[in-house]
Each structure stands twice: as structure tokens, then as C-alpha cells.
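Residue strings, one per chain:
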Amino acid sequence: KDERSRFWTVYQKVALQHDNQFLEHYDGDMDIVLIFSGLFSAVNTAFINTMGPSDATTTDALLTQIITLMVMNSQGTPITDNYPLPVPSAYSNGQIWFQTLAYASLSFSLLAAFGAVLGKQW
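Just so it is clear, the structure is predicted and the values come from calculations on it, not from any experiment.

## Here we look at the overall build of the protein chain
Assigned secondary structure in the protein chain consists of 3 helices and 0 strands. Along the protein chain, helices and strands appear, N-terminal first, in the series α-α-α. Relative to a compact globule of 122 residues, whose C-alpha radius of gyration would be 14 Å, the protein chain shows 30 Å and is clearly more extended. With the C-alpha coordinates aligned to their principal axes, the bounding extent of the protein chain is approximately 105 × 35 × 20 Å. Put simply, the protein chain has 122 residues, and 11% of those count as buried. Sequence-distant contacts in the protein chain: of pairs separated by 6 or more residues, those separated by 24 or more amount to 75%. Element-wise, carbon and sulfur atoms account for 66% of the exposed surface of the protein chain, whose accessible area totals about 10300 Å². Charge-centre separation for the protein chain: the mean point of 5 positive side chains lies 31 Å from the mean point of 10 negative side chains.

## Section: the confidence of the model for the protein chain
Per-residue confidence for the protein chain gives a mean pLDDT of 85; residues scoring 70 or more make up 95%. No element of the protein chain has a lower mean pLDDT than helix H2 (residues 55-75), which averages 82, and none a higher one than helix H3 (residues 93-121), which averages 92.

## Comments concerning a nonpolar patch on the surface
Together, Phe108, Leu111, Phe114 and Leu118 make up an exposed nonpolar region whose accessible area comes to about 460 Å². Mapped onto the fold, Phe114 is located in helix H3. For Phe114, a relative accessible area of 52% gives the class exposed.

## Re the side chain of Ser109
Looking at the secondary structure, you find Ser109 in helix H3. According to the relative accessible area criterion, Ser109 is buried, its value standing at 8%. The residues contacting Ser109, other than those within four sequence positions of it, are Ser37, Phe40 and Ser41.

## Details of H3
With 29 residues, H3 extends 42 Å from end C-alpha to end C-alpha; this agrees with the ideal 42 Å at 1.5 Å per step. Taken together, the buried positions of H3 are occupied by Gln99, Ala102, Leu106, Ser109, Ala113 and Ala116. Lining the buried residues of H3 we find helix H1 (3-51).

## Concerning H1
Within an α-helix, residues lying three or four positions from one another point in the same direction, as the helix has 3.6 residues per turn. In this model H1 runs 70 Å from its N-terminal to its C-terminal C-alpha over 49 residues, within 8% of the 72 Å that 1.5 Å per residue would give. Restricting attention to buried positions, one finds in H1 the residues Ser37, Ser41, Asn44, Ile48 and Met51. Turning to H1, the residues buried within the fold contact H3.

Quick notes on the rules
- Residues numbered from 1 in each chain as written.
- Predicted model: local features only at pLDDT ≥ 70, side-chain atom pairs only at ≥ 80, totals over all residues.
- Heavy atoms only, no water.
- Helix = DSSP H or I, 4+ residues; strand = E, 2+ residues; numbered from the N terminus.
- Rg over C-alpha atoms; globule rule 2.2 N^0.38 Å.
- Buried < 20%, exposed > 50% of the residue type's maximum accessible area, 1.4 Å probe, protein only.
- Contact = heavy atoms within 4.5 Å.
- Areas by Shrake-Rupley, 256 points an atom, 1.4 Å probe, with all protein chains shown as cover.
- Lys, Arg positive; Asp, Glu negative; His and termini not counted.
- Charge placed at Lys NZ, Arg CZ, Asp CG, Glu CD.
- pLDDT = per-residue confidence, 0-100.
- Patch = residues over 30% accessible without salt bridge, like charges linked within 9 Å, V, L, I, M, F, W, Y side chains within 5 Å.
- Salt bridge = Lys/Arg side-chain N within 4 Å of Asp/Glu carboxyl O.
- Expected span 1.5 Å × (residues − 1).

Now the structure itself:
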């Protein structure tokens, strides 16, 4: 063998060893990112879910309307009244900012998980 082929053989061996160490190190890091972002997204989604208006109020109002209309219909009473649904109260500026930050953090967490998945598949 000549000198050049020996150089490339040694280079390939050292580069392969370096690449394997690099991949092993960052594969573990991507696993940690996936676990953390998955847990963070789940907790953040639970908080976002509780920040919205209560559906129970609207459901209760609708059920009351249905029962009232059924009773009126069974008694032969003409239905002439309008039964408006309750309007939820407006959000304050602080609530809007908090929800904006919560949705932004959820978006970045999902983006981090997506990046880690792409990195692991690469």
C-alpha cells in the first residue's frame, strides 16, 4: 500500500469513531428532549384547557331550555318566548397575555419535539 491509501484508511477509522461518539451523545440528548417536551406539552395542555370558559354553564342553560320547551309543548302552550344563552364574561388583559404565553410555550414545546424526532430519524 502506498502512503495515501494508508492516510485515508486511518482517516476513515478516526472519523467513524468520532461520528459514532457524536451520534451516541446526541441521541441520548434527543431522547431527553422528547420526554421533557412530551410531559411539558401534556401539563401545559391541561392548564390551557382549564383557562377557557366553563362549558357547564352553557350546557346547563341549553338543558333548561330543552326541558322548558318540552314541558310547554306537552301542555299545548305556544312557544313565544326567546331564551337567550348566557354570554361568558370578557377576558381581562392579564388573562389574554397569560393564554398567549401558554399557547406560545405549547407551540415551541411541540416544535422542539418535532425537531428531536427529525434528528433521531436522520
